[in-house]
Amino acid sequence: MMGFLHSDFDSIIENMINAFAYHKIIIDAAGNPIDYEFIEVNKAFESFTGLKRDFVVGKRVTEVITDIKSDPFNWIDFYGKVALKGISASIEQYSNVLKRWYLINAYSPQKEYFITVFIDISNIKQRENELCEKNDELSQLYEEITASEEELRVQVEELDTLSKRLAKSESRLNRAQAIAHVGNWEIDLMSGQIWGSEEAFKLYGLERKTPFLPLKTVQTIVHPQDRPTLDQALKLLIEQKEKYDVEFRIIRPDNGEERYMHSVAELEIDSNGRQVSVLGVIRDITERTVYERELKSKNEELSSLYEEIMASEEELRQQLDEIQAHREQLLLSKERYKILVNNSKDIIYSYDGEGVFTAVNHMFCEVFGVSEHEAIGKKISQVIDDSDYVKKCNEARVQVCNTLSPCYFQNAYTMKDGTLRHYDITLSPVFDGKRRIVGVTGTNHDMTEIRKNQKLIRHMAYHDPLTGLANRTLLKDRLNTAIVMAKRMGMSIAVAFIDLDNFKKVNDTLGHVVGDELLIDASKRIQFCVREYDTVSRLSGDEFCIIIQSINQQVQVDVLPIMERINTIFCQPFEIDGHSIRLTASIGISIYPHDGETVGELLRNADTAMYKAKELGRNTYCFFNNKMRDELVRKTNIERMLRKALENNEFLLYYQPQYETKTGQLRGFEALIRWNSAEAGFMSPADFIPIAEETGLIVEIGQWVLNTACRLCKKIENKYQKSIIISVNISPIQLRHKEFINMVLDAVKLSEISFCKLELEITENHFIDNADEAIGILKKLREAGIRIALDDFGTGYSSLSYLKKLPINLLKIDKSFIDEIDCQSVQQSLTSSIITLVHNLNIETIAEGIETYEQYEYLLESKCDNLQGYYLGKPVPEHLVDEVIKNHWKV
Ligand code: C2E
Ligand code: CA
Ligand code: CA
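Per-chain numbering applies: the sequence of each chain, read as written, is numbered from 1 onward. Key to labels: chains lettered from A, ligands numbered from 1, both in the order written. Given that this is a predicted model, residues contribute local features only at a pLDDT of at least 70 and side-chain atom pairs are listed and counted only at 80 or more, while totals for whole chains, interfaces and linings are drawn from all residues. The side-chain figures draw on all heavy atoms in the structure; neither hydrogens nor water molecules are used.

Engineer: What exactly am I supposed to notice about the environment of Y408 here?
Structural biologist: One can find Y408 in strand 14 (residues 407-414). Classification of Y408 as exposed rests on a relative accessible area of 60%. C-alpha separation for the pair Y408 and V530, spaced 122 residues apart in sequence, amounts to 46 Å. Those residues within four positions of Y408 in sequence are excluded, and the remaining contacts are I425 and T426. Here a helix means four or more residues in a row that DSSP labels H or I, a strand means two or more in a row labelled E, and each is numbered from the N terminus. Exposure classes here rest on a 1.4 Å probe applied to the protein chains alone. A residue is buried below 20% of its type maximum, exposed above 50%, and partly exposed in between. Any pair of residues with heavy atoms lying within 4.5 Å of one another is described as a contacting pair.

Quick look at the structure:
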């Protein structure tokens, strides 16, 4: 019923005999009470006030009792004090409006709230009023009696009459007192005797044999605890004329009952101002007191209950606050979580145990083209179209539910526009507090771009970006696989190494853009020549390699046609950017298992064969053979020894004399290197110079030659006071070195010879790759005064007209021309023609390799300017140079 209370307590209040009402005070802006509201009332309230609960609850008192403000007692103010100041109040009050008396106890359990517990005491009040009226009457009677007694004393003769009247009055009084349960008494202060009315005796439980009693007797009846109060009151009345109005208990001697008494008394003073007696009335107030006591204890009980309620309410409120705080935190973290989830690039969602969506994020909606509203509450198959995707997801979800552990898998979803998205998916179980699975959460991480990139990276890792051909890594991989297969099947593999012969020149002259185009076109031509299942790869700049698989035991059948095709197709010029470019290919071939059983061996040997092909003349192919292998071994050994030779001082120079034809004078010496290897013994420069060139060691060796030769030149000059020319052979590799000019000039300066005494022998090979650069360098040296000779003239392919461009002082006619002189051939007359033509170009000539008198004579006649050869003098070591000079100058 009360709602806000415990149900037990509800029923206590509900069934209380006291009226109970719970109110809230209404205040105005200034905080003054102006009304109050009924929050709850009990049954007793209804019966005490005649106001029905349903009518009053929720209403204001001014609505329930419209004329309450006209009541002289200001109820609202009264209750206002209770509710606002928290003071309890107890009052007996007549309600003009309800026309009843009430004994009201009011408390405030909480500011602005108050409880009234009350009973209707209209009946008691009525009786009390009657009693008072009767008392008044009684008092009047007393006065009358007193007056009568005075008269009696004075007028004895009228005693009888008065006595009768008195008796009548007494009996009337007794009757009245019996009716009202009020007794009266009188203490004669002179005698200390107490007089009591019949009703007084009855109230005291005494037998009234005589109306007089000693005061003592009465005092013994009074409860010992209350006696001092009573005595004090009497004393104060008599001594200080204070009001006598006491409540006390008696213990009735007739039945031992404890009764509560209320007594009021006055002092009687005679005409002389003497205190004569004390007149009092007594009333038994036991019922009222007990009732009051009960009420009080009930109220106390109520109050303590209220306190308890208040306390537990406080506790509840604290808990509520805590819960509220938790709830707010929860909401906040939920909100944060939601933002996180919704901003995620991953698709995030959750299902319940049945596979029905319970949450999805923005990405989910975006990818699957549904709204959150459309997805939630539906199964995946109702939301997503792609049946393969759905099937895989459902299987994984069932797995998670069965294993109670997360499941990772990959899945692809075909979007509405047809594009395929790849996802790495994680499904995880969701448990409740008792570790029971209640759902599954999922995240899809989009791997589409990563996959695409991975594919690209993989492709880039294995392919040449320019031509799109396999790169070295992929080639090795494929070759490895091919070897394994071939081994099992007893088949052969051919590895063809292709080098574009003059690509570098094209690249340098026409630029990289054209070079790149050329490589692309060349790669296409190569691909065109092979079978579809053969691997074509680009290894570096202008190097390609082909794997020709599962060939017959007869190599020629499969491989030769391919090689022929390549050579043929490369004969046609490439048309790029308006240029018609001739490009040839040198191919070296190695065969598995004949030429090697490993990738490394096969590639190495094909490379070796390719170099051989280059040596054989370009645009051709060459199969690897054992001789090449031996050659390779030899070269490798020489290279190893060469690296130590300089340190070990294994090199020395021989000097071959050159003579002026006209005068027969010694012109100078050609310095020719010799190597007395500690390991391999004496070795010809023809054998080790090419290797020194390949390895670059020639630069250092050449520097040593220059310095040594120049030093000798200076020694001769110093010794004989005559200067001769020293000729030094220069390799194209040396010339290309960026420090070459300085190296030459340093050698001259260091030896302190004149620049014009040093002659550099170069060959036409120097001009093959980069003629302009070579010419530039030589021009600079010539400007410094250094002489330049063109060695081995006639072995290359340059024309005489080409000579005009070269900054040379001397042309060395190759031994092959000189050899022809003896045999009366066409070559013979050619030699003298060359000499004549070269002279026209203002270039001196020298013939080398003169071995016979005939040759000598012929050259003499042909006006060749200088001569060199075994016939005139073999190359000699330094210690024999002196002899050559001495002998000659003796001549
Ligand atoms: P080359 O510059 O043509 O040198 C001439 C070669 O012919 C030398 O061989 C010389 O000994 C040889 N020779 C000279 N007169 C005759 C003759 O009447 N009959 C015959 N049969 N041969 C003759 P060598 O010293 O073995 O040199 C071979 C090549 O090695 C040289 O050819 C040169 O190209 C190269 N060479 C020698 N020394 C050096 C050097 O210090 N530096 C460089 N870069 N190359 C060198
Ligand atoms: Ca030479
Ligand atoms: Ca030569």
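Let us keep going from here.
Engineer: What is the right way to read the coordination of the calcium ion (ligand 2) from this model?
Structural biologist: Six octahedrally arranged donors around a metal ideally form angles of 90 or 180 degrees; four tetrahedrally arranged donors ideally form angles of 109.5 degrees. Coordination partners: N, O, S within 2.8 Å of the metal, 3.2 Å for Na, K and Ca; water not considered, so apparent gaps in a site are possible. Around the calcium ion (ligand 2), the donor atoms from the protein are E670 (OE), N729 (OD1), E761 (OE) and D791 (OD), and they sit 2.1 to 2.3 Å away. On the primary sequence, the residues serving as donors to the calcium ion (ligand 2) are separated as E-x58-N-x31-E-x29-D. Here the calcium ion (ligand 2) and the calcium ion (ligand 3) are spaced 3.9 Å apart, with D791 acting as a shared donor. In this pair, E761 is assigned in strand 28 (residues 758-762) and D791 in strand 29 (residues 787-793), connecting sequence segments 30 residues apart. Summarising the burial analysis for this pair, E761 and D791 share the class buried.

Engineer: Which parts of the structure should I look at to understand the sheet that holds strand 19 (residues 543-551)?
Structural biologist: What holds strands together in a sheet is hydrogen bonding between their backbones, with the strands either parallel or antiparallel. The strand order 18-19-17-22-23 describes an open sheet built from five strands, whose pairing is mixed. Sheet topology places strand 18 (535-540) and strand 23 (621-623) at the edges, where each strand pairs with a single neighbour. Neighbour-to-neighbour, the strand axes of this sheet turn through a mean angle of 20°, independent of strand direction. Pairing between strands requires that DSSP locate at least two bridges from one strand to the other. For strand 22 (residues 585-592) and strand 23, the ladder comprises three bridges, and the chain directions are parallel. Paired with I589 across the bridge in strand 23 is F623. Every axis corresponds to a line fitted to the C-alpha atoms, with the helix fit spanning only the stretch in contact, and the corresponding angles, defined between N-to-C directions, vary from 0 to 180 degrees.

Engineer: Help me understand unusual backbone geometry in this model?
Structural biologist: Leaving glycine aside, a negative phi is the common case for residues, and trans is the common case for peptide bonds. At the junction of Y592 and P593, the peptide bond is cis and its omega measures out at 0° in the coordinates. Position of P593 relative to the elements: it lies in the loop between strand 22 and helix 21 (599-615). A positive phi angle, near 60°, is found at L404, a position not held by glycine. In this fold, L404 is placed in the loop between helix 15 (387-403) and strand 14. With a relative accessible area of 40%, L404 lands in the partly exposed category. For N842, which is not a glycine, the phi torsion comes out positive at approximately 65°. Position of N842 among the secondary structure elements: in the loop between helix 30 (826-840) and strand 31 (844-847). For N842, a relative accessible area of 73% gives the class exposed.

Engineer: Sorry, what's going on with the site of ligand 1 here?
Structural biologist: Around ligand 1, the surrounding shell holds 19 residues, and the nearest of these are Q656, I673, R674, E851 and Y870. Whenever a nitrogen or oxygen atom comes within 3.5 Å of another N or O atom, the pair is scored as a polar contact, on the condition that within protein one atom can donate a hydrogen and the other can accept it, and that pairs from neighbouring residues in sequence are kept only if both atoms are in side chains. In this structure, a nitrogen atom belonging to ligand 1 sits 2.9 Å away from a side-chain N or O atom of Q656. With respect to ligand 1, the side chain of E851 contributes an N or O atom lying 2.3 Å from a nitrogen atom. In this description, accessible areas are obtained by the Shrake-Rupley approach with a 1.4 Å probe, and a residue is regarded as covered only by the protein chains that are shown. Protein coverage of the free-state accessible area of ligand 1, which is 780 Å², stands at 80%. Broken down by element, the shell around ligand 1 gets its largest block of residues, four residues, from strand 25 (residues 666-677). Here the residues of the shell around ligand 1 are counted per class, giving seven nonpolar, five polar and seven charged. Only a single heavy atom is needed: when it lies within 4 Å of a molecule or strand, its residue is near that molecule or strand. Side-chain classes are defined by residue name, with Ala, Val, Leu, Ile, Met, Phe, Trp, Tyr, Cys and Pro counting as nonpolar, Asp, Glu, Lys and Arg as charged, and the others, Gly among them, as polar.

Engineer: For this particular structure, what's the right way to read the coordination of the calcium ion (ligand 3)?
Structural biologist: For the calcium ion (ligand 3), the full set of protein donor atoms is D791 (OD), D792 (OD), E848 (OE) and E848 (OE), at a range of 2.2 to 2.7 Å. For E848, a relative accessible area of 12% puts it in the buried group.

Engineer: When you look at the state of the cysteines in this model, what are you seeing that I'm missing?
Structural biologist: Structurally, a disulfide amounts to a covalent bond that connects the sulfur atoms of two cysteines. Here, the term disulfide refers to a pair of cysteine sulfur atoms separated by no more than 2.5 Å. One pass over the full model with this rule turns up zero disulfides. C407 supplies the cysteine sulfur nearest to C401, a cysteine that is in no disulfide, at a spacing of 11 Å. Given the relative accessible area of 24%, C401 is considered partly exposed.

Engineer: Honestly, the nonpolar core in this entry has me stumped. Any pointers?
Structural biologist: In summary, soluble globular proteins display a tendency toward joint burial of nonpolar side chains. Each nonpolar core is a collection of buried residues, namely Ala, Val, Leu, Ile, Met, Phe, Trp, Tyr and Cys, held together in the definition by side-chain atoms within 4.5 Å. The biggest cluster of nonpolar side chains holds 76 residues, and the ones touching the most others in it are L642, F669, L758, L760, L811 and L859. Beyond its immediate sequence surroundings of up to four residues, L760 is in contact with L706, V728, I730, F740, V744, L781, I786, R787, I788 and A789. Core analysis: the next-biggest nonpolar cluster, separate from the first, contains 35 residues, L469, C529, V536 and L583 among them.

Engineer: I would appreciate a short explanation of the pairing of strand 9 (residues 244-251) in the present structure.
Structural biologist: Consecutive residues of a regular strand have side chains that alternate between opposite faces of the sheet. When strand 9 meets strand 10 (residues 258-269), the two strands line up antiparallel, connected through eight bridges. Paired with F248 across the two strands is M261, which belongs to strand 10. Where strand 9 hands over to strand 10, the hairpin turn is made up of six residues, of which G256 adopts a positive phi near 70°.

Engineer: Explanation requested: the packing of aromatic side chains in the structure shown.
Structural biologist: The criterion for an aromatic pair is that two Phe, Tyr or Trp rings (for Trp, the six-membered ring) have centres within 6.5 Å, with stacked assigned to planes under 30 degrees apart, edge-to-face to planes over 60 apart and tilted to the rest. Applying the stated criterion across every chain yields a total of 33 aromatic pairs. Ring centres of Y94 and W101 lie 5.6 Å apart, and the angle between their planes is 50°; on these two criteria the pair is classed as tilted. Between Y853 and Y856, the aromatic rings sit 6.2 Å apart at their centres with planes inclined by 45°, giving tilted as the arrangement. One end of the pair, Y853, and the other, Y856, are both in helix 31 (residues 853-861), three residues apart, so they sit about a helical turn from each other. Residue Y856 is classed as partly exposed on the basis of its relative accessible area of 25%. Here, a charge over a ring means that NZ of Lys or CZ of Arg falls within 6 Å of the ring centre while also lying within 35 degrees of the ring normal. The ring centre of Y351 lies 5.6 Å from the NZ or CZ of R397, which sits over that ring. If you follow R674 out to its NZ or CZ, it ends over the ring of Y654, 5.2 Å from the centre.

Engineer: What's the story with helix 27 (residues 771-783) in this structure? I'm lost.
Structural biologist: One turn of the α-helix equals 3.6 residues, which is why residues spaced by three or four share an orientation. Multiplying 1.5 Å by the helix residue count minus one yields the expected span of that helix. Over its 13 residues, helix 27 runs 18 Å from end to end, which matches the ideal 18 Å to within 8%, given 1.5 Å per residue. For helix 27, the complete set of buried residues consists of A774, I775, I777, L778 and L781. Viewed along the axis of helix 27, the buried residues span an arc of 165°, placing them on a single side of the element. Facing away from the buried side of helix 27 by more than 90 degrees, the exposed set consists of D772, K780 and E783. Our arc is simply the arc of the directions from the helix axis toward the C-beta atoms.

Engineer: Would you take a moment to explain helix 19 (residues 512-529) for this structure?
Structural biologist: Helix length check: helix 19, at 18 residues, gives a terminal C-alpha distance of 25 Å against a target of 26 Å (1.5 Å per residue), a fit within 8%. Within the sequence span of helix 19, burial applies to V514, G515, L518, L519, I520, A522, S523, R525, I526 and C529.

Engineer: Looking at this model, I keep getting lost on a negative patch on the surface. Mind explaining?
Structural biologist: The grouping of E130, E133, D136 and E137 at the surface amounts to a negative patch. With respect to the element layout, E137 can be found in helix 6 (residues 122-154). Residues enter a patch when their relative accessible area is above 30% and they make no salt bridge; the linking distance is 9 Å between like charges and 5 Å between nonpolar side chains (Val, Leu, Ile, Met, Phe, Trp, Tyr). What counts as a salt bridge is simple: a side-chain nitrogen of Lys or Arg found within 4 Å of a carboxyl oxygen of Asp or Glu. We count Lys and Arg on the positive side and Asp and Glu on the negative side, and we leave His and both chain ends out. One atom stands in for each charge, and that atom is NZ of Lys, CZ of Arg, CG of Asp or CD of Glu.

Engineer: What is the right way to read the side chain of N809 from this model?
Structural biologist: Tracing the sequence through the fold places N809 in the loop between helix 28 (800-803) and strand 30 (810-813). At 2.6 Å, the side chain of N809 and the backbone nitrogen of I788 are in polar contact. Non-local contacts of N809, meaning those with residues more than four positions away in its chain, are made with R782, I786, R787, I788, I843 and E844.

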